Amino acid sequence: MGVSIKWFFSVVVSLCVSFSANAGLFKISINDLGGLTPSQSSVFDDAIAYWESYLIGVQSEFNHNIVIDASGVALDGVGGVLGSAGPTGITQLPDSTFVYANKGRMRFDTADLASLESRGTLFDVIVHEMAHVIGFGTLWTTDFFIAGSQSNYVSGSGRYIGEYALEIYRREFVENATFIPVELGGGAGTANSHWDEPWPGGSSDLMTGYLGPYPISLSDTTVASFADIGYLTTVTHAVSEAATVWLFLFSMGLVVTRHHQRTTGASTRRLQIFQAMSV
């Protein structure tokens, strides 16, 4: 037993030494502005753990943090828009061309919060909105205002061309694809910022513009898209950086895995994003 433990830790240590120098750590924190019950606020911790389990660093030598203002507010009453989210501040790390969100806002309609929580779907909504704060659909393309930064999507084209996600999409869904289809319907806040509802990944994917049908799924393509905006992911960097981090965390007893699947009925209520950013 002692030999096995020593061997395991020696493997972990050797792998940690091989961790890429170009791999900063990534952390999300929440600033609760009110309007949420304690149980609703606690779901944010699960959502943070969820994304930090897939996005295990940034493509930089420097660490990166996002602080998200979260609140429950009156939006449009029962049904309709469940919430809105997006970055409110952006930054570039000294050694990276990527534009990252460093501040964000997540607002949820108080008219819907209780029913979402009772049906067990609040987690899905929060995780979805948190993805927009991190940059899904909001920071796909930033080179039009910061030259040399990421350029993965042309607004109105319906064609996402980020190289990491597209490569995984070819393996996962369409072998010879030249783009990933993006939603053009649903109006502002839905169009140009989600996967197309009938895309090959299915309407149940977390990052289409409509909640449901259930169970909600998360495709490797969706995870890989975060590499196109500067993150290290368990899909795109699993052999080198990600494997090292996970072995280290498991050895320290810090990782608890959770698999979220919902079995309640489908919903077509929209999830929106906003873009109100400052550098």
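These notes cover the structure that comes with them. Since we're looking at a predicted model, the values are computed, not measured.

**Considering the side chain of Ser-71**
One can find Ser-71 in strand β3 (residues 64–73). By relative accessible area, which is 9% here, Ser-71 ends up buried. Setting aside its immediate chain neighbours within four residues, Ser-71 contacts Leu-33, Gly-34, Leu-36, Met-106, Arg-107 and Phe-108.

**Some words on the nonpolar core**
Trp-51, Met-130, Ile-134 and Tyr-231 are the most contacted members of the largest nonpolar core, which has 59 residues in total. The dominant element in this core, judged by the number of residues it contributes, is helix α4 (residues 122–134), at 9 residues. Ignoring sequence-local partners within four residues, the contact set of Tyr-231 consists of Phe-26, Leu-55, Gly-57, Val-58, Gln-59, His-64, Ile-66, Tyr-100, Ile-134, Phe-226 and His-237.

**Brief notes about the pattern of salt bridges**
Counted according to the given criterion, the structure contains 2 salt bridges. As a salt-bridge pair, Arg-170 and Glu-167 come within 3.8 Å of each other at their nearest N and O atoms. Placement of both Arg-170 and Glu-167 in helix α5 (residues 163–172) is noted, with a separation of 3 residues, approximately one turn of the helix. Arg-171 is the partner of Glu-167 in a salt bridge, and the nearest nitrogen-oxygen pair spans 3.2 Å. Of this pair, Glu-167 and Arg-171 both sit in helix α5, 4 residues apart, which is roughly one turn of the helix. Each of Glu-167, Arg-170 and Arg-171 takes part in one network of salt bridges that share partners.

The rules we used
Residues numbered from 1 in each chain as written. Predicted model: local features only at pLDDT ≥ 70, side-chain atom pairs only at ≥ 80, totals over all residues. Heavy atoms only, no water. Helix = DSSP H or I, 4+ residues; strand = E, 2+ residues; numbered from the N terminus. Buried < 20%, exposed > 50% of the residue type's maximum accessible area, 1.4 Å probe, protein only. Contact = heavy atoms within 4.5 Å. Core = buried A, V, L, I, M, F, W, Y, C linked by side-chain atoms within 4.5 Å. Salt bridge = Lys/Arg side-chain N within 4 Å of Asp/Glu carboxyl O.

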